[in-house]
Amino acid sequence: MHLARIPRRRYTAGQTPIEFLPNLSAELGAQIYIKRDDLLGLTSGGNKTRKLEFLMADALAKGADTIITVGAVQSNHCRLTLAAAVKEGLACHLLLEERVPGSYDVDASGNNLLYKLLGVSSIRVTPAGSDLAAGMEEIAEEVRQAGGTPYIIPGGGSNPLGSLGYVACAEEILAQTFEMGLPIDHLVTPSGSGGTHAGITAGLTANNAGIPITGISVRPKKEDQEPKIRELATQAARLAGADIDIPAEVVTVRDEFVGPGYSLPTAEMTEAIQLFARTEGILLDPVYTGKTGAGLIAMARAGEFGDGNVLFLHTGGSPAIYHYQQEVLGA
Ligand SMILES: *Cc1c(COP(=O)(O)O)cnc(C)c1O
């Protein structure tokens, strides 16, 4: 693999830190490290920034003047895509899927506030289960009619090109931990639209890193997500120049921390958010990293990590906290 051959914009200066979490580790009886992708560039950081470096370079190469994407009503992906579009001087239209019926509130805080502050070109809201690709194509057609050149970014930026952001992150982790003299024995990542989990899997597998990866699902069922991650990881690896098939045994998804559904609170999520905040001063979010943190905590308490070094991939999302005050405080 040689990612320098693929056009890329830069939205973060340097690398995100890998930090040891001594207080949380003592609390859980495990060796927990964190990869701070919550500190990536663009508005308030988070994992979509890495994917957008490749996706926006492609949009610009294709002469686009307008970006169209889709996400949930409190979508970090939509916020960051909009921020990247602002930086590149492009218009940006958002299609918001109301995954929880009645959840769209035009006056909501969190990411919704930031859509407006960042100057979104338009917001359209669509019910859960509607055809999102068709919805974005409809907007694209309107842009073309008006003389513009649209570029559609899929939900979460999770196509093979976007996933390269996490192939790059895997290589960053290997280089960084080599410098630190820190062998990693287990990596825990959120698994949603899948580009993060797939990219990390492609990057670590193509480098023969031998680091087991656990993807904690925030929405899909294990039996649906595992083959999807495997396929996307294979496509990402090939796009990066590695002629490999990702084997089934390197893809592990755990779906028991989703609770009643996407973005719906669980007691374990609230505990995880409070534990990270009160032991390490680190903010998790209620939709993704809070549930992934709940998975990490459960695995640590069950002794699944032994005395190995665990790397928790923090994918961001903190602006959503301001929309989910009660869930976060458990009040
Ligand atoms: C989108 C998102 C995820 C999930 O990443 P995918 O690549 O969609 O699986 C995790 N955490 C946060 C904060 C996100 O915004």
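A brief look at the structure comes next. (Residues numbered from 1 in each chain as written. Predicted model: local features only at pLDDT ≥ 70, side-chain atom pairs only at ≥ 80, totals over all residues. Heavy atoms only, no water.)

Once that is clear, we can look at the site of the ligand. Inspection of the region around the ligand gives 16 residues, with Lys48, Lys51, Gly192, Ser193 and Thr315 positioned closest. Asn47 has a polar side-chain atom sitting 3.0 Å from an oxygen atom of the ligand. Separating an oxygen atom of the ligand from a side-chain N or O atom of Thr196 is a distance of 2.7 Å. Taking 380 Å² as the accessible area of the ligand by itself, protein coverage stands at 97%. According to the grid-proximity analysis, the pocket containing the ligand is the largest pocket. Looking at the shell around the ligand, the elements that each hand over two or more residues are helix H2 (48-61), strand E7 (186-191) and helix H7 (195-206). (Near = heavy atom within 4 Å. Polar contact = N/O pair within 3.5 Å; in protein donor to acceptor, adjacent residues only side chain to side chain. Areas by Shrake-Rupley, 256 points an atom, 1.4 Å probe, with all protein chains shown as cover. 1 Å grid on protein atoms, 1.4 Å probe; cavity = no way out; pocket = protein on both sides within 12 Å on 5 of 7 lines; lining within 4 Å. Sits in = over half its atoms within 2 Å of the grid points. Helix = DSSP H or I, 4+ residues; strand = E, 2+ residues; numbered from the N terminus.)

Moving on, we get to the packing of helix H9 (residues 267-280) against helix H10 (residues 289-301). Packing of H9 against H10 brings their axes to within 8 Å, and their N-to-C directions diverge by 85 degrees. Accordingly, the angle class assigned to the pair H9 and H10 is roughly perpendicular. Within the contact between the two elements, H9 uses Glu268, Met269, Glu271, Ala272, Ile273, Leu275 and Phe276 and H10 uses Gly290, Lys291, Gly293, Ala294, Leu296, Ile297 and Arg301. Split by residue class, the contact of H9 with H10 holds eight nonpolar, two polar and four charged. (Axes fitted to C-alpha atoms, helices over the stretch in contact; angles between N-to-C directions. Parallel < 35°, antiparallel > 145°, perpendicular 65-115°, else oblique. Contact = heavy atoms within 4.5 Å. Nonpolar A, V, L, I, M, F, W, Y, C, P; charged D, E, K, R; others polar.)

Glancing now at the pattern of salt bridges. Counted according to the given criterion, the structure contains 18 salt bridges. The residue Glu88 makes a salt bridge to Arg9 at a minimum N-O spacing of 2.8 Å. Pair noted here: Glu88 is in helix H3 (residues 76-88) and Arg9 is in the segment before strand E1 (18-20), with a separation of 79 residues, a long-range link. Look at Arg9 and you get partly exposed, because its relative accessible area is 35%. As a salt-bridge pair, Arg50 and Glu172 come within 3.1 Å of each other at their nearest N and O atoms. (Salt bridge = Lys/Arg side-chain N within 4 Å of Asp/Glu carboxyl O. Buried < 20%, exposed > 50% of the residue type's maximum accessible area, 1.4 Å probe, protein only.)

Another aspect to go through is the pairing of strand E2 (residues 31-36). Across the six residues of E2, five count as buried, placing the element largely inside the fold. When E1 meets E2, the two strands line up antiparallel, connected through three bridges. Note that in E2 the partner of Ile18 across the bridge is Lys35. Pairing geometry for E2 and strand E10 (residues 309-314), over six bridges, is parallel. Bridge pairing in E10 places Gln31 opposite Asn309. (Pairing = 2+ DSSP bridges.)

Before going further, it helps to examine the nonpolar core. Membership of the largest hydrophobic core comes to 40 residues, with the highest contact counts inside it found for Leu52, Met56, Ile67, Tyr151 and Leu164. Mapped by element, the contributors of at least two residues to this core are H2, H3, strand E4 (91-98), strand E6 (150-153), helix H6 (160-180), H7 and helix H8 (222-239). Broken down by element, the residue count for this core peaks at six residues, all from H3. Aside from chain neighbours lying at most four places away, what touches Leu52 is Tyr11, Leu42, Ala57, Leu80, Thr81, Ala84 and Ile153. The next biggest cluster of nonpolar side chains, apart from the first, holds 33 residues, and it includes Val188, Ile216, Met269 and Leu275. (Core = buried A, V, L, I, M, F, W, Y, C linked by side-chain atoms within 4.5 Å.)

Looking now at the layout of surface pockets. Roughly 500 Å³ of internal volume is contained in the largest pocket. With three residues, strand E3 (residues 66-72) is the single largest residue contributor to the lining of the largest pocket. Of the residues assigned to the lining of the largest pocket, the class counts are eight nonpolar, 17 polar and seven charged. (Points joined across faces, edges and corners; volume = space filled by probe spheres on them.)

Spatially, E1-E2-E10-E7-E8-E9 is the arrangement adopted by the six strands of the open sheet, whose pairing is mixed. Taken across any chain shown, the strands that pair with only one partner, and hence form the sheet edges, are E1 and strand E9 (252-254). Taken over all neighbouring pairs, the strand axes of this sheet differ in orientation by 30 degrees on average, direction set aside.

This part is about H10. Between the first and last C-alpha of H10 there are 18 Å, a value that for 13 residues agrees with the 18 Å anticipated at 1.5 Å per step. Within H10, 11 of the 13 residues are buried, which leaves it mostly tucked inside the rest of the structure. Of all the positions in H10, only Thr289, Gly290, Lys291, Thr292, Gly293, Ala294, Gly295, Leu296, Ile297, Met299 and Ala300 are classed as buried. Gly303 lies just past H10 and shows a positive phi near 75 degrees. (Expected span 1.5 Å × (residues − 1).)

Purely spatial values, then, with no claim about function.
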